[in-house]
Amino acid sequence: MRMRTKAIVLTCFLSGIVISGCATINDLAPQINDTTVRLGAMRKINADQLEQGRSIYLTQCARCHSPEPVTRYSLQQWNTILPRMCDKAELNQSERAMLAAYVEIVLEAERQSNVQTDAEMRTVHSPSN
Ligand code: HEC
């Protein structure tokens, strides 16, 4: 595909998901926020590297198919999917590392927010005294 065609296809796809309202880009690939930056720092991954990982997910990984929500797969599943797909996308070592870190940290942030929600639910539903 020529560059221009690619750009048009990508633009149509991205505006399509925004307009349809089914899934926003942030549902697919959550934006970097305080939580993900903090989790990244614990792994020596900075915010810029996380941003790049996200951008790879939304562009390079969307060349052949639309990106699925990162949280659709477990870390274990991603560990088998990513090496295969990174080969397909012809990512270099640093791109692979940033993408893998982004995916891992998004899953970890999601897990932590679920734990928090469970705790809140328990607080709400536990019989008061
Ligand atoms: C060159 C085309 C191409 C690129 C680039 C590509 N994929 Fe894929 N992807 C495929 C094809 C074809 C399938 C389905 C068949 C298969 O699994 O090989 C697929 C399937 C998937 C699946 C479904 C699960 C599975 O194991 O089949 C996921 C998730 C996925 N890709 C993620 C990604 C991510 C993340 C990237 C970026 C690193 C990426 N893809 C880049 C072609 C591509």
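Residues numbered from 1 in each chain as written. Predicted model: local features only at pLDDT ≥ 70, side-chain atom pairs only at ≥ 80, totals over all residues.

A. Structural view of the nonpolar core. Counting 18 residues, the largest nonpolar core has Y57, L99 and Y102 as the members making the most contacts within it. Listed by contribution, the elements that provide at least two residues to this core are α4 (47-58), α5 (75-88) and α6 (93-125). At eight residues, the largest contribution of residues to this core is made by α6. (Core = buried A, V, L, I, M, F, W, Y, C linked by C-beta atoms within 7 Å. Buried ≥ 20, exposed ≤ 12 C-beta atoms within 10 Å, placed from the backbone. Helix = DSSP H or I, 4+ residues; strand = E, 2+ residues; numbered from the N terminus.)

B. Looking closely at the site of the ligand. The ligand sits among Q60, C61, R63, C64, H65, E68, I81, M85, C86, K88, A89 and L99. The biggest single contributor to the shell around the ligand is α5, with four residues. Split into classes, the residues belonging to the shell around the ligand amount to seven nonpolar, two polar and three charged. (Near = placed C-beta within 6 Å. Nonpolar A, V, L, I, M, F, W, Y, C, P; charged D, E, K, R; others polar.)

C. Region of interest: the environment of R38. The topology assignment puts R38 in helix α3 (residues 34-42). Along the chain, R38 and A109 lie 71 residues apart, while their C-alpha atoms are 9.7 Å from each other.

D. Focus on α6. For α6, with 33 residues, the first-to-last C-alpha span of 48 Å sits near the 48 Å given by 1.5 Å per residue. Of all the positions in α6, only M98, L99, A101, Y102, V103, E104, I105, V106 and A109 are classed as buried. Those residues of α6 that are buried lie in contact with α3, α4 and α5. (Expected span 1.5 Å × (residues − 1). Contact = placed C-beta atoms within 7 Å.)

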